[in-house]
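Each chain, written out:
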Amino acid sequence: MRYLLASLLLLPLATAVAAPKGDPVKGKALAEKVCIACHGVDGNSAAAANPVIDGQHLEYLYKQLTEFKAGKRQNPIMLGIASPLSDADMADAAAWFSSQQPKPRGASDKVLIEAGRKIYRQGIASKGLPACMSCHSPNGAGMPSQYPRLAGQHASYTAAQLKAFRSGE
């Protein structure tokens, strides 16, 4: 119960952003020119350093692009990519990537899978860590604009993001 309350207290910190309606056809053209090198044309990045964005929530993708462009989210590569994009470009890219079907991705280490499942579902009481699923949903689908879909994300990318959140980056 304590972790549910802690999770609910975090909800106001996540600001919902309404994404303008984008054109996925224009988004695909942009992805083929700009995004393909890091995320692949369909958002299914092969490189673990880059996030998998296929099937990610439209609102979440748009919010992240606007935050990279504004410098609110720090990443020199994405700042350079997002800076010249118009709102329409960002909405189009978000529309394209959110329309893609997420590719299944799985882990193979059964011990790590079970440890991760336990943390995801129960949190870590001794550290005051709430269950991940309280924000990212029981199946990892996330909540549009507020919390990303985690299902299918590269493990090393997720670990790097968790470390960045913990350090305040």
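Let me begin by describing the structure that accompanies this report. (Residues numbered from 1 in each chain as written. Predicted model: local features only at pLDDT ≥ 70, side-chain atom pairs only at ≥ 80, totals over all residues. Heavy atoms only, no water.)

**Details of the overall build of the protein**
Within the protein one finds 8 helices and 0 strands. Ordered by position from the N terminus, the helices and strands of the protein form the series α-α-α-α-α-α-α-α. Per-residue burial for the protein yields a buried fraction of 35% across its 169 residues. For the protein, the proportion of contacts with a sequence separation of at least 24, taken over those separated by at least 6, is 66%. By element, 63% of the accessible surface of the protein is carried by carbon and sulfur atoms, the whole surface being about 10,200 Å². (Helix = DSSP H or I, 4+ residues; strand = E, 2+ residues; numbered from the N terminus. Buried < 20%, exposed > 50% of the residue type's maximum accessible area, 1.4 Å probe, protein only. Contact = heavy atoms within 4.5 Å. Areas by Shrake-Rupley, 256 points an atom, 1.4 Å probe, with all protein chains shown as cover.)

**Description of the side chain of Arg 149**
For Arg 149, the location among the structural elements is in the loop between α7 (133-136) and α8 (155-167). Its relative accessible area of 10% is what places Arg 149 among the buried residues. Here the side chain of Arg 149 touches Ala 151 through a polar contact of 2.3 Å, landing on its backbone oxygen. Setting aside residues up to four positions removed in sequence, Arg 149 forms contacts with Val 52, Asp 54, Gly 55, Gln 56, His 57, Pro 102, Gly 140, Ala 141 and Gly 142. (Polar contact = N/O pair within 3.5 Å; in protein donor to acceptor, adjacent residues only side chain to side chain.)

**Details of the nonpolar core**
Ranked by internal contacts, the top residues of the largest apolar core, which has 17 residues, are Ala 31, Leu 61, Tyr 62, Leu 65, Met 90 and Phe 97. Elements represented by at least two residues in this core include exactly α2 (24-39), α3 (58-70), α4 (76-82) and α5 (87-98). Among the elements that make up this core, the one with the highest residue count is α5 (6 residues). For Leu 65, the contacting residues outside a window of four places in its chain are Met 78, Ala 82, Met 90 and Ala 93. (Core = buried A, V, L, I, M, F, W, Y, C linked by side-chain atoms within 4.5 Å.)

**Details of the pattern of salt bridges**
Enumeration according to the criterion identifies 6 salt bridges in this entry. Notably, a salt bridge pairs Glu 32 with Lys 28, separated by 3.8 Å at the nearest N-O pair. Taken together, the positions of Glu 32 and Lys 28, both in helix α2 and 4 residues apart, correspond to about one turn of that helix. The class of Glu 32 is partly exposed, set by a relative accessible area of 43%. Notably, a salt bridge pairs Asp 42 with Lys 103, separated by 3.0 Å at the nearest N-O pair. In this pair, Asp 42 sits in the loop between α2 and α3 while Lys 103 sits in the loop between α5 and α6 (110-122), placing the two residues 61 residues apart along the sequence. Given a relative accessible area of 19%, Asp 42 falls into the buried group. Connected through salt bridges with shared partners, the residues Lys 63, Glu 67 and Lys 72 form a single ionic network. (Salt bridge = Lys/Arg side-chain N within 4 Å of Asp/Glu carboxyl O.)

**Brief notes about α5**
With 12 residues, α5 should cover 16 Å at 1.5 Å per step; its first-to-last C-alpha distance of 16 Å lies within 8% of that length. Turning to α5, its buried residues are Met 90, Ala 91, Asp 92, Ala 93, Ala 94, Ala 95, Trp 96 and Phe 97. Looking at the packing, one finds that the buried side of α5 touches α2 and α3. (Expected span 1.5 Å × (residues − 1).)

Functional significance is not addressed by these values, which are geometric in nature.
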